[in-house]
Amino acid sequence: MTAITALEQAVVRYPGRPDAALRAVDFAVRSGERVGLAGDNGSGKTTLLLALAGLRPLASGRLLHGGRQVVLREQLRRLRRDVGIVFQNADDQLFLPTVLEDVAFGPLNLGCGQEEARARAVETLGTLGAAGLAHAPTHTLSGGQKRIVALATVLAMRPRAVLLDEPTNDLDARGVARLEEILVTGGLALVLVSHDHAFLARVATRTVCLHDGAILAPG
Ligand SMILES: Nc1ncnc2c1ncn2[C@@H]1O[C@H](COP(=O)(O)OP(=O)(O)OP(=O)(O)O)[C@@H](O)[C@H]1O
Ligand SMILES: [Mg+2]
């Protein structure tokens, strides 16, 4: 099956850093799979998600969307629409005064009218069990509530794949259980970065391990 998003021999470098953050990484996400991504601090997990979402340019290698190399701006735009990313820090995702505005922002940006965007936002929050937060000022949310709302901002855009960077941070046991149910029943292709191996074991259909910017052989 063709991957929704894939990297081939991807190398990513940051300015002022002698070593590449990703070294010749091959990685693909296909419809229906939930890929766990584990690895030590600084091993390149966040960088890999950013590269897969088209948010971090490659020094060399290829980024593919639906099997085609992403070269043109328009192709990058389509990739970004299909592949959502929930950032490691929820505050990077939320910037409007209320939850509803934040969740409606993505659909509005995709060209939905006000009504439609609002309706999608309400529906998405409902699916996540967070309908009651719709009118809350974003800055008053707890850490766990921010995580759920950050996920809602991405799901409201109805992506084909979602990349989640440490989604269980700040969640209590009930929050984690609810998140697991959402992720498993949602049927979306996922990449899940987590240091919580039990969480990955329960949710991921396969797990990949990064070490020093390279993918370790299975096992
Ligand atoms: N904006 C940046 N500028 C310079 N170096 C960076 C930048 N972002 C990440 N790096 C470096 O790239 C490497 C990989 O970082 P990355 O954030 O991808 O790791 P990670 O596996 O997500 O770590 P963590 O588990 O701590 O979140 C690290 O050495 C980090 O210092
Ligand atoms: Mg990280």
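Everything below is about the structure shown above.
My aim in this report is to walk through the structure given alongside it, one point at a time. Note that the structure is predicted; figures quoted are calculated from it, not measured. (Residues numbered from 1 in each chain as written. Chains lettered and ligands numbered in written order. Predicted model: local features only at pLDDT ≥ 70, side-chain atom pairs only at ≥ 80, totals over all residues. Heavy atoms only, no water.)

1. A word on the site of ligand 1
Put simply, the rule is: For each residue, the test is whether any non-hydrogen atom lies within 4 Å of the molecule or strand; if one does, the residue is near. What qualifies as a polar contact is a pair of N or O atoms within 3.5 Å, subject to a donor-acceptor requirement within protein and to the restriction that residues adjacent in sequence count only when both atoms come from side chains. Computed with the Shrake-Rupley method and a 1.4 Å probe, the accessible areas treat only the protein chains shown as cover for residues.
Taken together, 14 residues sit near ligand 1, with Arg-17, Gly-42, Lys-45, Thr-46 and Thr-47 positioned nearest. One of the side-chain nitrogen or oxygen atoms of Thr-46 is found 2.8 Å away from an oxygen atom of ligand 1. In the model, an oxygen atom of ligand 1 is placed 3.3 Å from a nitrogen or oxygen of the His-195 side chain. Coverage of ligand 1 by the protein chains reaches 68% of its 640 Å² of free accessible surface.

2. Structural notes on the pairing of strand 3 (residues 34-39)
Looking down a regular strand, the side chains alternate between one sheet face and the other. Just so we agree on the cut-off: Under the scheme applied here, a residue whose accessible area is under 20% of the maximum for its type counts as buried, over 50% as exposed, and between as partly exposed, the area being computed with a 1.4 Å probe on protein chains only. Helix and strand definitions follow DSSP, with helices as H or I runs of at least four residues and strands as E runs of at least two, each counted in order from the N terminus. Each pair of strands is called paired provided DSSP finds at least two bridges between the two strands.
Among the 6 residues that make up strand 3, 6 are buried, leaving the element largely enclosed by the rest of the structure. The alternating pattern of strand 3 places Arg-34, Gly-36 and Ala-38 on one face and Val-35, Leu-37 and Gly-39 on the opposite face, and all of these are buried. Here strand 3 runs beside strand 8 (residues 189-193); their pairing, made up of 4 bridges, is parallel. Among the inter-strand pairings, Gly-36 is bridged to a residue of strand 8, identified as Leu-192.

3. Considerations on empty space enclosed by the protein
Going by this rule: A cavity here means a set of 1 Å grid points, computed over protein atoms only, where a 1.4 Å probe fits but cannot escape. A pocket is an open set with protein on both sides within 12 Å along at least 5 of 7 lines, and lining residues have an atom within 4 Å of a point. Grid points are joined across faces, edges and corners, and a volume is the space filled by probe spheres set on the points. For this classification, Asp, Glu, Lys and Arg are treated as charged, while Ala, Val, Leu, Ile, Met, Phe, Trp, Tyr, Cys and Pro are nonpolar and the rest, including Gly, are polar.
One pass over the structure, following the stated rule, counts 1 cavity of 30 Å³ or more. The space that makes up the largest cavity amounts to roughly 40 Å³. In terms of lining residues, the largest cavity is bounded by Val-86, Arg-147, Ile-148, Leu-151, Leu-164, Pro-167, Leu-171 and Leu-179. Broken down by element, the residue count for the lining of the largest cavity peaks at 3 residues, all from helix 5 (residues 143-155). In terms of residue class, the lining of the largest cavity is built from 7 nonpolar, no polar and 1 charged.

4. As for the layout of surface pockets
Of the pockets and cavities examined, the largest pocket occupies roughly 590 Å³. Together, 22 residues line the largest pocket, and Arg-80, Phe-105, Gly-106, Asn-109 and Met-157 are the ones closest to its centre. Among the secondary structure elements, those contributing two or more residues to the lining of the largest pocket are helix 2 (73-82), strand 6 (83-86), helix 3 (99-109) and helix 5. It is helix 2 that provides the largest number of residues to the lining of the largest pocket, a total of 5 residues. For the lining of the largest pocket, a count of residues per class yields 11 nonpolar, 5 polar and 6 charged. Volume-wise, the second largest pocket comes out at about 310 Å³. Lining the second largest pocket are 15 residues; nearest its centre among them are Thr-127, Leu-155, Ile-182, Gly-186 and Leu-188. Listing elements by their share of the lining of the second largest pocket, those giving two or more residues are helix 4 (114-127), helix 5 and helix 6 (173-185). If you tally residues by element for the lining of the second largest pocket, the top one is helix 6, at 4 residues. Of the residues belonging to the lining of the second largest pocket, the class tally is 8 nonpolar, 4 polar and 3 charged.

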